[in-house]
2 protein chains.
Amino acid sequence: MITSANLYDYFENDLSEIKNIITLNLKNRDSSTSTLLNSLAATEGKMIRAIFTLIGGSFGEIDKSKLYNIAAGIEILHLATLVHDDIIDDSGLRRGKETINITHGAKTALFTGDYLFAQAFILFSESASRESFYNISKTIKFICQSEINQFLSKYSLNSTILDYFRRINGKCASLFSLSLSLGALDGHADDKIINTLKRIGYYVGTAFQLIDDILDITTPNTVLGKPSGNDLFEGIYTFPLLFEIKNKNVKLLSALESNDLSTVSDILKTSDGIKTARKLAEKYTLKALSLIDTLPNSHEKTILKSIIDKLLKREY
Amino acid sequence: MITSANLYDYFENDLSEIKNIITLNLKNRDSSTSTLLNSLAATEGKMIRAIFTLIGGSFGEIDKSKLYNIAAGIEILHLATLVHDDIIDDSGLRRGKETINITHGAKTALFTGDYLFAQAFILFSESASRESFYNISKTIKFICQSEINQFLSKYSLNSTILDYFRRINGKCASLFSLSLSLGALDGHADDKIINTLKRIGYYVGTAFQLIDDILDITTPNTVLGKPSGNDLFEGIYTFPLLFEIKNKNVKLLSALESNDLSTVSDILKTSDGIKTARKLAEKYTLKALSLIDTLPNSHEKTILKSIIDKLLKREY
């Protein structure tokens, strides 16, 4: 049985190498930039995308140092998107700490994000293949387009559930899919395995984002590292709300119309929208798990199943 | 004698191919994104960086279609930095048109810039070598760092002339240097030629930015495609001002201290700072020209000299 502790144990050495690469690459001669970047590196998350890169790499034959660089690049890339997201969402807190947006202003956050993008690309140019590079660039473009769409469709009652799935594909699933497949691609794994890993990434990312959006509604403020109910107040309409709108929940629609968002939020907490979102997250997780079963047996495969199991069951 | 008209004539076919690639790559299935990107493509500038890429490529043996993709990528990359710059500088006008910052807000501009970065990288991943890719990423990192520094040192009387030159190296010269050398690098030109092209780019870029900063002070509002005196009012202290501060121009310092910026601006217009900046721009131009003389003779070499001559003599 794999627990959270021994899951990280297995990758402990690899992750520590990857963290070193990240720290080294966020070092900067210029002291003001350096302080900024260090504060970012210190708030590192669960490094789930780096772990996915490691797992993907295990299905091919890839030089460890290249795989570490790619994994570090993916984590830095993810950090870049977070820094820019925080500007878009006016977020004050991220991973329990004040965002650069708050401490240094949106303008510094903008170029810090760009700087991180460039730094990630430096790592990729050292270690990723041309095809990986192409996939990475395509994914970033897709992420940006989803963010533009999310922003342009804020407060729109015309957003559909299909729009939502397109958006979360871009926002989350695409980077999961990329992380899980890059190492296998550059390790010259079988095409079928690479494609399976891509699809697993999409399913897991979709489930992950659905759960994120559920938790944003159901979790008390104090538990998350960021304010809850944020999406609704920011005009970002996620699955549970769109589901209730589609099903013409009269109470909810009237509260929404009169801009009584705390009532909307209360209705959502116990809504069918939440229940359906949970079911969908479970459905996507099961799809991922059954695809994982088709992969060649390995310890990494077992770990991947265990991670996905934990992702589905997380409560914050 | 090469005039402005026949300068563009020589590259007419190449530039039209590059413009097609840009238009094609800014097309987008999503209609709102597409409108945004088309409005950007329509405000295309002088494409000086694309011309530099073409000239650099002429010193090596590189497939035309690859060179066009790289040139298009460089122009899209430049567009991305402009879109983000406009957010930082709160600019309302660019190339005579309203910025995305104004028409769609800073947040949309942010992700539009990111989208353009990603699109440029897609082009590079299709056509640039790993080494070029590395150089491109390094350059972007340098540009971002210079922008962060420029922003953090706004209104600072402690900025030195050395800081200024570091900043314009990053802001402008580095991308000129990159454009001029990429084609030669991927065309496997002699290392000495590649390095000479890099240095020429730095000198030209430095002269170009010095002149830009002079024109920002001396040109009447109506002539530029953007407001004049912008830098001073935005707290960006350029060479002429820093020169006067260093030389303790009492009148100017007192006007600056009492925040009487129109007096500062009037003093600057006829200051030694402007004259010295002009001399420096000339010095850097001459350095570039004498380096160009060391390159193998070709029509492109003659054109490069003519472009640089025009850049120095421009009045807006």
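Owing to the predicted nature of the structure, the values given are computational and were not obtained by experimental measurement.

Asks: Looking at this structure, I do not really get the overall build of chain A. What am I missing?
Replies: Across its full length, chain A carries 16 helices and two strands. For chain A, the residues scored as buried account for 60% of the 316 residues in total. By element, 51% of the accessible surface of chain A is carried by carbon and sulfur atoms, the whole surface being about 13500 Å².

Asks: Is there a simple way to explain the interface of chain B and chain A in this structure?
Replies: Accessible area lost upon the coming together of the parts is a frequently used measure of interface size. At the junction of the two partners, chain B supplies 41 residues and chain A supplies 41 residues. A combined buried area of about 3900 Å² lies between chain B and chain A, and 68% of that area is made up of carbon and sulfur atoms. Where chain B packs against chain A, one counts zero salt bridges. Our count for the contact surface shared by chain B and chain A stands at 10 residue pairs in polar contact (both at pLDDT 80 or more). For the side of chain B that touches chain A, the secondary structure elements donating two or more residues are α3 (31-42), α5 (64-88), α7 (106-127) and α8 (130-152) of chain B. With 16 residues, the single largest contributor to the side of chain B that touches chain A is α7(B). Taken together, the residues that form the side of chain B that touches chain A break down as 18 nonpolar, 13 polar and 10 charged.

Asks: What is the right way to read the packing of aromatic side chains from this model?
Replies: For any pair of aromatic rings, the description consists of the separation of the ring centres together with the inter-plane angle of the planes. Considering all chains together, one arrives at 26 aromatic pairs over all chains under this definition. A ring pair is formed by Y203(A) and Y284(A), whose centres lie 6.0 Å apart and whose planes are at 40 degrees; its orientation type is tilted. Of the two residues, Y203(A) sits in helix α10 (residues 191-218) while Y284(A) sits in helix α15 (residues 272-293), which places them 81 residues apart along the sequence. Here the two residues Y203(A) and Y284(A) agree in accessibility, since each one is buried. Taking the centre distance of 5.4 Å and the plane angle of 80 degrees together, the rings of Y164(B) and F165(B) count as edge-to-face. Summarising the burial analysis for this pair, Y164(B) and F165(B) share the class buried. A network of ring pairs unites the aromatic residues F121(A), F124(A), F133(A), F121(B), F124(B) and F133(B) as a single cluster. Sitting over the ring of Y284(A), K283(A) keeps its end group 5.6 Å from the ring centre.

Asks: I keep staring at the packing of helix α12 (residues 239-246) of chain A against α15(A) and nothing clicks. Help me out?
Replies: Packed helices, taken two at a time, are described by the angle between their axes plus the distance between the axes. All names here are of chain A. Remark: α12 packs on α15, axes separated minimally by 8 Å, with the N-to-C direction vectors making an angle of 125 degrees. In terms of axis orientation, α12 runs oblique to α15. For the pair α12 and α15, the sense of crossing is right-handed. Contact residues: F239, P240, F243 and E244 in α12; D272, G273, I274, T276, A277 and L280 in α15. Among the residues making up the contact of α12 with α15, the classes are represented as six nonpolar, two polar and two charged.

Asks: For this particular structure, what's the right way to read the relation of the copies chain B and chain A?
Replies: Two copies of a chain can be linked by a rotation about an axis combined with a shift along that same axis. Once chain B is rotated about the relating axis by 180 degrees and shifted along it by 0.0 Å, it coincides with chain A to within an RMSD of 0.0 Å. Such a combination of rotation and displacement between the chain copies is what one expects of a two-fold axis.

Asks: Help me understand unusual backbone geometry in this model?
Replies: With the exception of glycine, the majority of residues adopt a negative phi angle, and the majority of peptide bonds are in the trans configuration. All names here are of chain A. If you check the backbone angles, H188 has positive phi at about 55 degrees while not being a glycine. In this structure, H188 sits in the loop between α9 (161-186) and α10. A relative accessible area of 69% places H188 in the exposed class.

Asks: Where do I start with the environment of Y284(B) in this structure?
Replies: The exposure class assigned to Y284(B) is buried, which follows from its relative accessible area of 16%. Not counting the four nearest positions on each side in its chain, Y284(B) is found in contact with F165(B), Y203(B), T206(B), A207(B) and L210(B).

Asks: Explain helix α14 (residues 261-269) of chain B here, please?
Replies: For an α-helix the count is 3.6 residues per turn, leaving residues at separations of three or four pointing the same way. Turning to α14(B), its buried residues are L261(B), V264(B), S265(B), I267(B) and L268(B). All buried residues of α14(B) project into a common sector of 165 degrees when viewed along the axis, lining one side.

Asks: Help me understand the pattern of salt bridges in this model?
Replies: Between side chains of opposite charge, a pair can form as their charged atoms come close. Residue and element names in this part refer to chain B. For the structure shown, the criterion picks out 10 salt bridges over all chains. Two residues, D14 and K64, come together in a salt bridge whose shortest N-O distance is 3.4 Å. Placement of D14 in helix α2 (residues 12-25) and of K64 in helix α5 is noted, with a sequence separation of 50 residues between them. K64 gets classed as partly exposed once you look at its relative accessible area, which sits at 46%. Of the charged contacts in the structure, one is a salt bridge between D293 and K305, with a shortest N-O distance of 2.6 Å. On the criterion of sequence distance, the pair formed by D293 in helix α15 (residues 272-293) and K305 in helix α16 (residues 299-313) is long-range, its members being 12 residues apart.

Asks: Sorry, what's going on with the environment of G105(A) here?
Replies: The residue G105(A) is located in the loop between α6 (100-103) and α7 (106-127) in this model. Residues G105(A) and I87(A), 18 residues apart in the sequence, show an inter-C-alpha distance of 8.7 Å.

Asks: Help me understand α16(B) in this model?
Replies: With 15 residues, α16(B) should cover 21 Å at 1.5 Å per step; its first-to-last C-alpha distance of 21 Å lies within 8% of that length. Burial in α16(B) covers these residues: E300(B), K301(B), I303(B), L304(B), S306(B), I307(B), I308(B) and L311(B).

Asks: When you look at the packing of α10(A) against α15(A) in this model, what are you seeing that I'm missing?
Replies: Residues and elements named next belong to chain A. Where α10 meets α15, the closest approach of the two axes is 8 Å, and the angle between their N-to-C directions is 155 degrees. It follows that α10 is roughly antiparallel to α15 by the angle criterion. Note that α10 runs across α15; the crossing there is left-handed. Seen from α10, the contacting residues are T196, R199, I200, Y203, V204, T206, A207, L210, I211, I214, I217 and T218; seen from α15, they are I274, A277, R278, L280, A281, Y284, T285, K287, A288, L291 and I292. Partitioned by chemical class, the residues of the contact of α10 with α15 number 16 nonpolar, four polar and three charged.

Definitions and limits used
- Just so you know, the residues in each chain are numbered from 1, in the order the chain's sequence is written.
- Throughout, the order in which chains and ligands are written sets their labels, letters from A for the former and numbers from 1 for the latter.
- Reporting of local features is limited, given that this is a predicted model, to residues whose pLDDT is at least 70; pairs of side-chain atoms are given and counted only at 80 or more, and all residues count toward the totals for whole chains, interfaces and linings.
- Values reported for side chains reflect all heavy atoms of the structure, with hydrogen atoms and water molecules removed beforehand.
- Helix numbers and strand numbers start at the N terminus; a helix is a DSSP run of H or I with at least 4 residues, a strand a run of E with at least 2.
- Burial classes follow relative accessibility: with a 1.4 Å probe on protein chains only, a residue under 20% of its type's maximum area counts as buried, one over 50% as exposed, and anything between as partly exposed.
- The protein chains shown are the only cover counted for residues, whose accessible areas, like all others here, come from Shrake-Rupley with a 1.4 Å probe.
- Contact definition: two residues touch when any of their heavy atoms are within 4.5 Å.
- A 1.4 Å probe defines the accessible area here, and the buried area is the portion of it lost by two parts on being joined, summed over both.
- Salt bridges are defined by distance alone: a side-chain nitrogen of Lys or Arg within 4 Å of a carboxyl oxygen of Asp or Glu.
- Residues adjacent in sequence count toward polar contacts only when both atoms are side-chain atoms; beyond that, a polar contact is any pair of N or O atoms within 3.5 Å, and within protein one must be able to donate a hydrogen and the other to accept it.
- Charged means Asp, Glu, Lys or Arg here, nonpolar means Ala, Val, Leu, Ile, Met, Phe, Trp, Tyr, Cys or Pro, and polar covers whatever is left, Gly included.
- Ring pairs are drawn from Phe, Tyr and Trp, using the six-membered ring of Trp, whenever the two centres fall within 6.5 Å, and their geometry is named by plane angle: stacked under 30 degrees, edge-to-face over 60, tilted for the rest.
- Whether a charge sits over a ring comes down to the Lys NZ or Arg CZ being within 6 Å of the ring centre and within 35 degrees of the ring normal.
- Lines fitted to the C-alpha atoms define the axes, with helices restricted to the stretch that makes contact. Angles between their N-to-C directions range from 0 to 180 degrees.
- If an angle is under 35 degrees, it is roughly parallel; if it is over 145, roughly antiparallel; if it lies from 65 to 115, roughly perpendicular; otherwise it is oblique.
- With the far helix as reference, a near helix turned anticlockwise by less than a right angle produces a left-handed crossing, and one turned clockwise produces a right-handed crossing.
- The superposition of copies rests on a least-squares fit of C-alpha positions from residues with pLDDT of 70 or more in both.
- Of all possible arcs, the one meant is that of the directions from the helix axis to the C-beta atoms.
- Helix span, expected: 1.5 Å multiplied by one less than the number of residues in the helix.

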